[in-house]
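Architecture and fold: a report
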Amino acid sequence: MSDTLERQAQRATAEFMEGVRARNPGQPEFHQAVSEVVDWLMPFILENPRYQENALLERLTEPDRSYTFRVAWEDDKGGVHVNRGWRVQMSNAIGPYKGGLRFHPSVTLGTLKFLAFEQVFKNALTTLPMGGGKGGSNFDPKGKSDREVMRFCQSFMTALYPYIGEDVDVPAGDIGVGGREVSYLFGQYKRITERWAGVMTGKGLSFGGSPIRTEATGYGTVYFVEEMLKERGDSAAGKTALVSGSGNVAIYCVEKLLHLGSKVVTVSEYDGFLHIPDGFTEEHLEYLKDLKEVRRGRLTEMAEKFSGASYVEGQKPWGVKADLAFPCATQNEIVGDEAKLLVDNGIIAVAEGANMPTNLDGIHIFLNSKVLYGPGKAANAGGVAVSGLEQTQNAQRLMWTREEVDARLHDIMKKIHAQCVQYGHDGNGYVNYVKGANVGGFAKVADAVLSCGIM
Ligand code: NDP
């Protein structure tokens, strides 16, 4: 990039971000997500004036619409509680809105706008016709009985159902929304509308779910890292890996790493991490699945049960020496100093199973150190890709085999990787996957928006 173009891009970015912050006060995560994208896009936009002349960035950072609603529900003792629910429909330029629902006390409209914005570009990269959206609530499913979760989900869907549909907007799971919640939400949609429609993905296999959807995000993230390593003539076999989180994405990331012969030494939860220096075995993994998916227990239990395992309270896993890192918990879990620690310890590749787990300082540290860094919108797109395949199966009234879906997932992750290389190669052998993913996703969505006229 020439000096003049770089300076012009910096000025235009600063000016644009000032407007974003003024229009969206009190939404720091949304500002962060937009800033990460615009930083890499601006030179491309300046070189392609049709995008600027048609205010594409302004249009893509303003949701098509956002719904806010009250969710009142009754606990097991008859107490009445009120939470807030949202659905952000960001862009349906290339297909019906698609993106998960998050139930976590930290959720705000700003969190969901950041996630919906990321989702638009991620979905475009999958090569499937899906727009971007995201929703959720500040409800905390932790410590609630099954019946309480059911009543909450029924109340949430009663407010949401007019705004979704199989050709309109198709929600799925995210943090705090797994198979149990998706099933309750889907059941209530069916009950109110009196029709069976593929309006949620992540459903149970006996009622319209897709094989591999549960595993898709974790598996896809590992497929993506394999592609990044392959680009350098390397592979994940025999490499030591750090995984954070111990939910859906983390569990199946660990599983696929074990299939490939990697040594996984950590998983984590909100207040600490489990360290197994000799590496996870299949026995550890089966125990973890039962602990987290069925009993909803704590990792401290595993540290007590298995010799050689320990629980490190109040810390994240990033200080442990390893070759590969898979942040799979939540946003901003790798901040600048932690990225530096990983680099100092010789990390080779970082692939984000979570959305925006690395902050802007951390991203620059990885890129400046030439670490292979796979941002979430590329590396974790396998989940929404298989959700897209679930929609296709529902529309066809068919169910594909596990092998078929896994093969399609693998193929999609390779295509995402190829787009990142196409747009992110620096010409000197290093691929900037952040630039590649942002420019690749943007180009597809922006051209669709342009074609449909000014709206
Ligand atoms: P789960 O609810 O299954 O698991 C979340 C995990 O992250 C848990 O281990 C949880 O720990 C931990 N966690 C959550 N919030 C925090 C926090 N504030 N601080 C530290 N740890 C935290 O969610 P998923 O596995 O589905 O989602 C994980 C990430 O992956 C999210 O960023 C999500 O947006 C992203 N993602 C998920 C997809 C999917 O298909 N599920 C698709 C693409 C991206 P604890 O249990 O102790 O709270």
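As the structure is a computational prediction, the values presented were derived from the model and not from experiment.

About the cut-offs
- Residues numbered from 1 in each chain as written.
- Predicted model: local features only at pLDDT ≥ 70, side-chain atom pairs only at ≥ 80, totals over all residues.
- Heavy atoms only, no water.
- Near = heavy atom within 4 Å.
- Polar contact = N/O pair within 3.5 Å; in protein donor to acceptor, adjacent residues only side chain to side chain.
- Helix = DSSP H or I, 4+ residues; strand = E, 2+ residues; numbered from the N terminus.
- Nonpolar A, V, L, I, M, F, W, Y, C, P; charged D, E, K, R; others polar.
- Domains from an automatic or database assignment.
- Expected span 1.5 Å × (residues − 1).
- Buried < 20%, exposed > 50% of the residue type's maximum accessible area, 1.4 Å probe, protein only.
- Contact = heavy atoms within 4.5 Å.
- Salt bridge = Lys/Arg side-chain N within 4 Å of Asp/Glu carboxyl O.
- Pairing = 2+ DSSP bridges.
- Axes fitted to C-alpha atoms, helices over the stretch in contact; angles between N-to-C directions.
- Core = buried A, V, L, I, M, F, W, Y, C linked by side-chain atoms within 4.5 Å.
- Buried area = accessible area lost by both parts, 1.4 Å probe.
- Phe/Tyr/Trp six-rings, centres within 6.5 Å; stacked < 30°, edge-to-face > 60°.
- Lys NZ or Arg CZ within 6 Å of the ring centre and 35° of its normal.

Structural notes on the site of the ligand
- Neighbouring the ligand are 24 residues; Lys142, Asp174, Thr217, Ser246 and Asn355 lie closest to it.
- Here an oxygen atom of the ligand sits 3.4 Å away from a polar atom, N or O, in the main chain of Gly247.
- One of the backbone N or O atoms of Ala329 is found 3.5 Å from an oxygen atom in the ligand.
- At the level of elements, α8 (213-231), α9 (248-259) and β7 (263-269) are the ones that each hand at least two residues to the shell around the ligand.
- Taken together, the residues of the shell around the ligand sort by class into six nonpolar, 12 polar and six charged.
- Inspection of the shell around the ligand shows a minimum of three residues originating in each of domain 2 (65-195) and domain 3 (216-379).

A few points about α9
- Compared with an ideal rise of 1.5 Å per residue, which puts 12 residues at 16 Å, α9 spans 17 Å between its outermost C-alpha atoms and is within 8% of the ideal.
- Burial analysis of α9 places 10 of its 12 residues in the buried class, which makes it a mostly covered element.
- Inspection of α9 places Val249, Ala250, Ile251, Tyr252, Cys253, Val254, Glu255, Lys256, Leu257 and Leu258 among the buried residues, and these make up the whole buried set.
- On its buried side, α9 packs onto α8, β6 (240-243), β7, α10 (282-294) and β10 (324-326).
- Positive backbone phi, at 85°, marks Gly261, one or two positions downstream of α9.

Notes on the pattern of salt bridges
- Overall, the coordinates contain 26 salt bridges when judged by the stated rule.
- Ionic pairing is found between Lys377 and Glu36, a salt bridge with its closest N-O pair at 3.2 Å. Taken as a pair, Lys377 in helix α14 (residues 376-379) and Glu36 in helix α2 (residues 28-47) lie far apart in primary sequence, 341 residues in all. Taken as a pair, Lys377 and Glu36 share a single burial class, namely buried.
- The closest approach of N and O atoms between Lys340 and Asp344, which form a salt bridge, is 3.1 Å. In this pair, Lys340 and Asp344 both sit in helix α12 (residues 336-344), four residues apart, roughly one turn of the helix.
- By relative accessible area, Lys340 is classed as partly exposed at 45%.
- Note on Asp344: relative accessible area 55%, which makes it exposed.
- Connected through salt bridges with shared partners, the residues Glu269, Asp271, Lys292 and Arg298 form a single ionic network.

Some remarks on the sheet that holds strand β3 (residues 97-103)
- The sheet built from five strands is open, its strands ordered β1-β2-β4-β3-β5 with mixed pairing. The open sheet has two free edges, formed respectively by β1 (65-74) and β5 (169-172), since each of these has just one partner strand. On average, each strand axis in the sheet is tilted by 20° relative to the strand beside it, whichever way the strands run.
- Relative to β5, β3 runs parallel, the two sharing four bridges. Bridging across to β5, Gly99 finds its partner in Pro171.

Some details on the nonpolar core
- Judged by nonpolar contacts, the single largest core of 62 residues is most densely connected at Phe224, Val243, Leu274, Phe280, Met302, Phe326 and Ile416.
- In contact with Leu274, other than residues within four places in its own chain, are Val265, Thr266, Val267, Phe280, Leu299, Met302, Ala303, Ala309, Ser310 and Tyr311.
- Ranked by size, the runner-up nonpolar core spans 41 residues in total, among them Phe44, Leu112, Leu115 and Ala116.

Let's talk about the environment of Val20
- Relative to the helices and strands, Val20 resides in helix α1 (residues 3-23).
- Residue classification places Val20 among the buried positions, given a relative accessible area of 1%.
- If we ignore the near neighbours within four places in the chain, the residues touching Val20 are Phe30, His31 and Val34.

Quick word on the domain arrangement of the chain
- Domain annotation of the chain identifies domain 1 (3-60), domain 2 (65-195) and domain 3 (216-379).
- Centre-to-centre separation of domain 1 and domain 2, based on C-alpha positions: 29 Å.
- In this assembly, nine residues from domain 1 lie in contact with 10 residues from domain 2.
- Here domain 1 and domain 2 share an interface that buries about 910 Å² over both sides, 68% of which is from carbon and sulfur atoms.
- Seen at the junction of domain 1 and domain 2, the total is zero salt bridges.
- The element that contributes the greatest number of residues to the side of domain 1 that touches domain 2 is α2, accounting for six residues.
- Taken together, the residues that form the side of domain 1 that touches domain 2 break down as five nonpolar, two polar and two charged.

Concerning the packing of aromatic side chains
- Per the stated rule, a full pass over the model turns up 21 aromatic pairs.
- Between Tyr287 and Phe306, the aromatic rings sit 5.3 Å apart at their centres with planes inclined by 85°, giving edge-to-face as the arrangement. Of this pair, Tyr287 sits in helix α10 while Phe306 sits in the loop between α11 (300-305) and β9 (310-313); the two residues are 19 residues apart in sequence, bridging distant segments of the chain. With respect to class, Tyr287 is no different from Phe306; both count as buried.
- Members of the aromatic cluster, connected to one another through ring pairs, are Phe69, Trp73, Phe103, Phe139, Phe152 and Phe156.
- The lysine or arginine in question, Lys305, covers the ring of Phe306, its NZ or CZ lying 5.7 Å from the ring centre.
- The ring of Trp400 carries the charged tip of Arg408 above its face, separated from the ring centre by 4.1 Å.

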